[in-house]
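Residue-level structural notes
Chain by chain, the residues run as shown.
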Amino acid sequence: AVVSTQSTGGLRWLKIHCVNKFGAISKASFDEKEAYADERMDLILDSADHMDTDRGWWALSTEDPWQCLATCIELAGAVRSDNPEEYICHLPVHMDGSCNGLQHYAALGRDVEGAAKVNVTPSPHPQDVYSAVLEIVIRLAGDEAARGMEVAQLVHNKVERKTLKQTIMTQVYGVTLYGGREQIRGKLIDQGVDAIDAGRCAAYLSALTFKAVGELFTQAQQIQEWLNNAAYEFAGTGAPVSWTTPLGLPCVQPYTKEKRQVVQTSFQAINKVVAKPSMAVNKRKQRTAFPPNFVHSLDSTHMLMTAIKCHQHGIPFAAVHDSYWTLPCHVDAMNTYLRRQFAILYSFDILKELKESFEKSCPEVAFGELPRSGQLDINSVIDSEYFFS
């Protein structure tokens, strides 16, 4: 059974988890979040006692009200028990990466400035890359609004952190300007913006968001460009792009050119898309898909390395992408392992090894020089309290 005694640290992490799921003070330190929970314990207990109403404190959550409620119920059971430190808890605590794709890019390029913005290096308070991008977008839009640009004036006071968060998060995974526009458009409509205005504003904000991320993470963009070009050259040989992860897992991109077949039935004609491994590779798709696929192969490697280490120490572990879960009493240990495993993963020059493997597979291709590496000490992540938080 997935049960555990709390331990002193466990009760603290359950409080922090509750505040994380409430979402009010995302940029606060862990100590401040624990204090925030203590100050509102009466509201937390009331939420647990009156879970059948949506007027409780938990329902004010801007992050995840249902998970907040579940944590309120677990906290109520703990603090009302005879010994809260020995309370048996079934609820996992989540530790989430800080824009995890950019964390991996910062490590790949040993980018000191980029690493600091996404909590790869230690800081007394968590750094919020989404707010940093938002500040640049607001500044750029404000400048253009002052010069009379109509769409810039339209977005005034309509841009929030949550408006741009998804686009910032997915840009390093290959989202396009069009994709970013659709993401932002949905957020603006949710905020009550007219659908027609939302389309115009979203296109404008998508372009500004891409520009702002480029200003903050030039190293990441250079690496992404090298990966794009390398994949295009690789696919130019007629072979699908392939590589091996640091854990030894072979990866092959399956993208080939497609053929359309029309299947005529008694009622209608159906267009069927056919793509087979025997067909010629799709160089454009091979190129655009490689950076996100490669980074995902690295974040999954980090996740598996952490899972293996937790298993070796008898710690229950689950994950959804860059959200790592364990029971409250094991959070301190899991936090230690996930940081050490990240440092071990990037103790090797992964980009150099990738280029060498490409050159071995395609000796006739010149893949170009890798972007210049920075001076980041990857071991500093071990002391970064907010790397996952």
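Being a predicted model, the structure only gives us computed values, none of them experimental.

Moving on, we come to helix 15 (residues 350–361). Helix length check: helix 15, at 12 residues, gives a terminal C-alpha distance of 16 Å against a target of 16 Å (1.5 Å per residue), a fit within 8%. Here helix 15 has its buried residues at I350, L351, L354, K355 and F358. Angularly, the buried residues of helix 15 cover 135° about the axis, an arc narrow enough to put them on a single face. Where helix 15 is buried, its residues meet helix 5 (100–108), helix 12 (218–235), strand 4 (242–244), helix 13 (283–312) and helix 14 (331–345).

Summed over all chains, the structure comprises 16 aromatic pairs. Here F342 and Y346 contribute two aromatic rings whose centre-to-centre distance is 4.9 Å and whose plane-to-plane angle is 50°, an arrangement assigned as tilted. Like Y346, F342 is buried. Their ring planes at 45° and their centres at 5.5 Å tell us that F358 and F367 sit as a pair that is tilted. Its relative accessible area of 0% is what places F358 among the buried residues. F367 sits in the buried class, given a relative accessible area of 7%. Here a set of aromatic residues connected by ring pairs shows up, and it is made of F234, W243, F290, F294, F358 and F367. In this structure, R12 is placed above the aromatic ring of W13, and the distance from its NZ or CZ to the ring centre is 5.6 Å. Between R40 and the ring centre of Y36, over which it is positioned, the NZ or CZ distance is 3.6 Å.

Let us look at the environment of Q375. By the element assignment, Q375 lies in the segment after helix 15. For Q375, a relative accessible area of 70% puts it in the exposed group. Along the primary structure Q375 and L164 are separated by 211 residues, whereas in three dimensions their C-alpha atoms are 30 Å apart.

Further remarks concern the nonpolar core. Counting residues in each nonpolar core, the largest one holds 106 residues, and the members touching the most others are L108, L227, F290, F294, Y346 and F358. Discounting residues that sit within four places of it in the chain, L108 has contacts with I223, F294, L298, Y346, I350 and L351.

Moving on: the pattern of salt bridges. If you walk through the whole model with that rule in mind, you get 11 salt bridges. Here K15 makes a salt bridge to D38, at a shortest N to O gap of 2.8 Å. Of the two residues, K15 sits in helix 1 (residues 7–22) while D38 sits in helix 2 (residues 30–39), which places them 23 residues apart along the sequence. According to the relative accessible area criterion, D38 is partly exposed, its value standing at 39%.

Examined against the element boundaries, T167 turns out to sit in helix 9 (residues 161–171). In this structure, T167 is in contact with V175, G180, Q183, I184, T209 and F210, ignoring residues within four places of it in sequence.

This next bit is on the pairing of strand 9 (residues 323–326). Each regular strand displays side chains that alternate between the two surfaces of the sheet. Where strand 3 (residues 93–96) and strand 9 come together, 4 bridges link them in antiparallel fashion. Among the inter-strand pairings, H94 is bridged to a residue of strand 9, identified as W325. Relative to strand 9, strand 8 (residues 318–320) runs antiparallel, the two being bridged by 3 bridges. Counted as the bridge partner of A318 is W325 from strand 9. Connecting strand 8 to the next strand, strand 9, in antiparallel fashion are 2 residues, including H321 with a positive phi near 55°.

What counts, and where the lines are drawn
- Residues numbered from 1 in each chain as written.
- Predicted model: local features only at pLDDT ≥ 70, side-chain atom pairs only at ≥ 80, totals over all residues.
- Heavy atoms only, no water.
- Helix = DSSP H or I, 4+ residues; strand = E, 2+ residues; numbered from the N terminus.
- Expected span 1.5 Å × (residues − 1).
- Buried < 20%, exposed > 50% of the residue type's maximum accessible area, 1.4 Å probe, protein only.
- Arc of directions from axis to C-beta.
- Contact = heavy atoms within 4.5 Å.
- Phe/Tyr/Trp six-rings, centres within 6.5 Å; stacked < 30°, edge-to-face > 60°.
- Lys NZ or Arg CZ within 6 Å of the ring centre and 35° of its normal.
- Core = buried A, V, L, I, M, F, W, Y, C linked by side-chain atoms within 4.5 Å.
- Salt bridge = Lys/Arg side-chain N within 4 Å of Asp/Glu carboxyl O.
- Pairing = 2+ DSSP bridges.

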